[in-house]
Amino acid sequence: MKKSNRLSRRKFIKLAVSVAASGSAISCAGTISPWRFLSGEEAQIVEAICGQIIPADQDPGATQAGVVNFIDRQLVGHLRRHQKAYREGLAGVNQTSLARFGKKFVDLPAPQQTEVLTALDKNEAPGEIWQQRSAKEFFDLVVSHTMQGFYGDPRHGGNRDGVSWRMVGLSYPPIRGRLRYDLTKPAPKESA
Amino acid sequence: MALKHVNAVIIGAGAAGGIVAKELAVAGLSVVLLERGKWYSPFECRKDDLRNQRVTALGSAFGPDDERYVRVFVDANGQEHLVRPSEGNYHNNAACVGGGTFSYGALAWRYMEKDFRMRSTYGAVEGSTLEDWPISYQDLEPYYEKAEWEIGVSGDDSKNVFRAPRNKPLPMPPMPPSREHQLLKDTAELLGLHPFDAPMLRNTVPYNGRGACMRCRWCVGFACEVDAKNGTHNTVIPKALATKNCELRTECVAKEILTNAQGRVTGVAYFDANDRLQEQPADLVVVSCSATESPRLLLNSKSQLFPNGLGNRNDWVGRNLQGHAYAGAYGLFDFDVYDDLGPGASVAVCDYNHGNPGLAGGAALANEFIRLPYNFSTIRPPGAPRWGAAHKEFMRKWFKRHTAVHGPVQEMPVFDSRVQVDPKVKDYWGIPVARLSGLNHPHTLEVAKYIALKAETWLKEAGAIQTWLKMPGRGLSGGQHQAGTCRMGNDPKTSVVNKYCQVHDVDNLFVVDASVHVTNGGFNPGLTIMAIAYYASDHILTTWKDRKFR
Ligand SMILES: Cc1cc2nc3c(=O)[nH]c(=O)nc-3n(C[C@H](O)[C@H](O)[C@H](O)COP(=O)(O)OP(=O)(O)OC[C@H]3O[C@@H](n4cnc5c(N)ncnc54)[C@H](O)[C@@H]3O)c2cc1C
Ligand code: SF4
């Protein structure tokens, strides 16, 4: 798990060079992020949340499947309307974990991360941001985006190598004359 | 500036509009077919689990787009929401040549005789505008047959003892059974039901110059890359164009129907692909924009003689919006039921369409189309974890071992479930948008419960080790089976069009699409919409020969 993590990180840093060259990925803190919308720190939180929603076991989990990449890419694409929810919600996740355990979310051991997410799911999470924004709605949003990234098409940046399809026992690539698509290219109308 | 005069303008190249265009063009009328969407080729469309016409997490594949289209949705608490086409409450169908038929599941039902006589069969239902149709099954029978043969239907309903009489069998044989089909069919027989091969607008053998289905995993909501799914885009519309009497103009958005001082229709104003306003004069106009967009267009066509919109003297345009309250059950098995043979839906029973004790109507039950992994990620028994290790284990363990049976419950129409035009919100072209509001009738939900329990019994008998129900909510119906908003009837006070789909007080204006349905059957509506389109075209042509609508 660690290894594939590191590998993907390196790949993303490579990507960062090209994105940064286009001058588009300055995060709130003013540091350069390898991501399109998320800051480096936010991406780590998303990665940790996804890893809880679909953890790795004998099959890769959401982290290994590139769900963070999916979410980040869609946040500047079709899911752009959720940018504010992510910016505030991810800060809220840290508020909750600081209030509950005195540490940032990514620094918590897995069982405590689960506790934080369960509190969000039950809408019982401490944190200033949750006064204005429903913790449960934010968590539901991340859950559904994680499902999309994990079970959707690899072309959108998640479900790397069709891991989830293979996990449920579906052939990947699909068989029976369905191979005329190049699945690695984005669909023509997609903005990302 | 006005364009060259033609005999007929048809607005909307969907299920109904495509057929009317072909019938009129073949008869020699000059026809302009306006369609707001594009003409997609089946081969250029990807099978995208997140971006198709059923799952719209990343947008609808076949329109309309989220950028230019919007509606107002009023929820059960009276709160207004601005909704985009890829959101459920927009109640989208499609925007492309072929309309819904380009990407539909292609179940091809004839309604039953009683579906046209709901009021006579069940009496008045409080709080519902339940009514008989002014036409009968017999009136439509020849046109159902025409749709089955010209558009192309496969299946075998000879074992369906409840079916309405037909003159000719279906033109194509059914698909060989999948594992799920075999299991459910055998079980239904054990239960004393009458299972049969559901009719499908899908080639099972080469037909109409195109090949057979290759049974892929991605059918409902997707284009068919082997062009085996039959819609108006690959049958009647090409035929209409081949006559050279019909011009198809895509990416053209009708704004308003134009009338003169005598109260007759003179043509259509529309925005062309370059957003330029055009006027197309015509002897007659056929509105086939779907049950949410047709009433919107009529209501947006206001003039001194028609201050409340065309056909709307008695405030019936947009009323009785209905769809289907889908009800059913899921089951988990301790053996694989999934064999990766599409399209999924294939075995049906009509035992519960009518004659359910104490209930008005019912639904056909059938196995569901294939649920792709993303769809399955939200299918859970009550209380099961939605995330975490248990979620993942559920996916791994049950994806190939689950199945679903459900049915489109016939709804009790509600007068206040409706399409209006919003007084404030406009679309990209400045046209007032549709405003949707209303609720499902409580009796519809009672019928749904009954149907869901029948589905569950079927699955249990098949050996499911765990089952749970799938129930519709109280919220407004419409969506892909939207219908009812320009009711057909003999009395102009309680309907919008007459039994020939002609607007009561405007003789050269027709509404031909799901809007005219009085009730919507306990079946998917597509084939009935097609039959009505053939039937109405016949009437238009008879009148045309008589006096040319002048
Ligand atoms: C994913 C999916 C699955 C389905 N599965 C089934 C099934 O298995 N069986 C079944 O029977 N039915 C099914 N349906 C429903 C079926 O497709 C519809 O009932 C049918 O297409 C409706 O026909 P219509 O003619 O009323 O409208 P449509 O087919 O929607 O056609 C209306 C057309 O008018 C165009 N239009 C609208 N407004 C304007 C305007 N102002 N100017 C120009 N053009 C305009 C639209 O773009 C559209 O192309 C399905 C639909 C979908 C989307
Ligand atoms: S299941 Fe058959 S008809 Fe449907 S899209 Fe696949 S090949 Fe085409």
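Residues numbered from 1 in each chain as written. Chains lettered and ligands numbered in written order. Predicted model: local features only at pLDDT ≥ 70, side-chain atom pairs only at ≥ 80, totals over all residues. Heavy atoms only, no water.

1. A closer look at the overall build of chain A
- Within chain A, the regular secondary structure consists of eight helices and zero strands.
- Taken from N to C terminus, the helices and strands of chain A fall in the order α-α-α-α-α-α-α-α.
- Here chain A holds 192 residues, and 51% of them are scored as buried.
- Counted over contacts in chain A with a minimum sequence separation of 6, partners at least 24 positions apart contribute 60%.
- Carbon and sulfur atoms provide 54% of the accessible area of chain A, an area that totals close to 9,100 Å². (Helix = DSSP H or I, 4+ residues; strand = E, 2+ residues; numbered from the N terminus. Buried < 20%, exposed > 50% of the residue type's maximum accessible area, 1.4 Å probe, protein only. Contact = heavy atoms within 4.5 Å. Areas by Shrake-Rupley, 256 points an atom, 1.4 Å probe, with all protein chains shown as cover.)

2. Side note on the overall build of chain B
- Each helix and strand counted, chain B has ten helices and 18 strands in total.
- Computed over C-alpha atoms, the radius of gyration of chain B comes to 22 Å, within 12% of the 24 Å expected from 2.2 N^0.38 for 550 residues, which places it in the range of a compact globule.
- Overall size of chain B, expressed as C-alpha extent along the three principal axes, is 70 × 50 × 45 Å.
- Put simply, chain B has 550 residues, and 67% of those count as buried.
- Contacts in chain B between residues at least 24 apart in sequence constitute 73% of all its contacts with a sequence separation of at least 6.
- Distance between charge centres in chain B, computed from 61 positive and 58 negative side chains, equals 1 Å. (Rg over C-alpha atoms; globule rule 2.2 N^0.38 Å. Lys, Arg positive; Asp, Glu negative; His and termini not counted. Charge placed at Lys NZ, Arg CZ, Asp CG, Glu CD.)

3. Examining the packing of aromatic side chains
Residues and elements named next belong to chain B.
- Taken as a whole, this structure holds 29 aromatic pairs over all chains when the rule is applied.
- With centroids separated by 5.8 Å and ring planes inclined at 85°, the aromatic side chains of Phe510 and Phe549 adopt a geometry described as edge-to-face. Linking Phe510 in strand 18 (residues 509–511) with Phe549 in the segment after helix 10 (526–547), this pair joins segments that are 39 residues apart in sequence. Of the two residues, Phe510 and Phe549, both sit in the buried class.
- Residue placement shows Arg319 over the ring face of Phe415; its charged tip is 4.0 Å from the ring centre.
- Between the NZ or CZ atom of Arg380 and the centre of the ring of Phe376, over which it lies, the distance is 5.4 Å. (Phe/Tyr/Trp six-rings, centres within 6.5 Å; stacked < 30°, edge-to-face > 60°. Lys NZ or Arg CZ within 6 Å of the ring centre and 35° of its normal.)

4. Describing unusual backbone geometry
All names here are of chain B.
- With an omega of -5°, the peptide bond running from Gly63 to Pro64 counts as cis.
- By the element assignment, Pro64 lies in the loop between strand 2 (31–34) and strand 3 (71–74).
- In this model, Ala106 sits at a positive phi of 80°, which is unusual for a non-glycine residue.
- Within the fold, Ala106 resides in the loop between strand 4 (80–83) and helix 2 (118–122).
- Residue Ala106 is classed as buried on the basis of its relative accessible area of 3%.
- Unlike most non-glycine residues, Asp340 shows phi in positive territory, near 60°.
- Examined against the element boundaries, Asp340 turns out to sit in the loop between strand 11 (325–332) and strand 12 (347–349).

5. Here we look at the confidence of the model for chain A
Residue and element names in this part refer to chain A.
- Of the residues in chain A, 74% reach a pLDDT of 70 or more, and the chain-wide mean stands at 83.
- Note that pLDDT drops below 50 for residues 1–27; the model gives that stretch 27 contacts with residues more than four away or on any other chain.
- In the model, residues 187–192 has pLDDT below 50 throughout and makes eleven contacts with residues more than four positions away in sequence or in other chains. (pLDDT = per-residue confidence, 0-100.)

6. Brief notes about the packing of helix 1 (residues 15–26) of chain B against helix 10 of chain B
Residues and elements named next belong to chain B.
- At their nearest, the axes of helix 1 and helix 10 sit 8 Å apart, and the two run at 35° to each other. As for the relative orientation of helix 1 and helix 10, their crossing is right-handed in sense. When helix 1 is examined against helix 10, the residues Ala15, Ala16, Ile19, Val20, Glu23 and Leu24 are found in contact with a partner set consisting of Ile529, Met530, Ala533, Tyr534, Ser537, Ile540 and Leu541.
- Among the residues forming the contact of helix 1 with helix 10, the class breakdown is eleven nonpolar, one polar and one charged. (Axes fitted to C-alpha atoms, helices over the stretch in contact; angles between N-to-C directions. Left-handed = near helix turned anticlockwise from the far one by under 90°. Nonpolar A, V, L, I, M, F, W, Y, C, P; charged D, E, K, R; others polar.)

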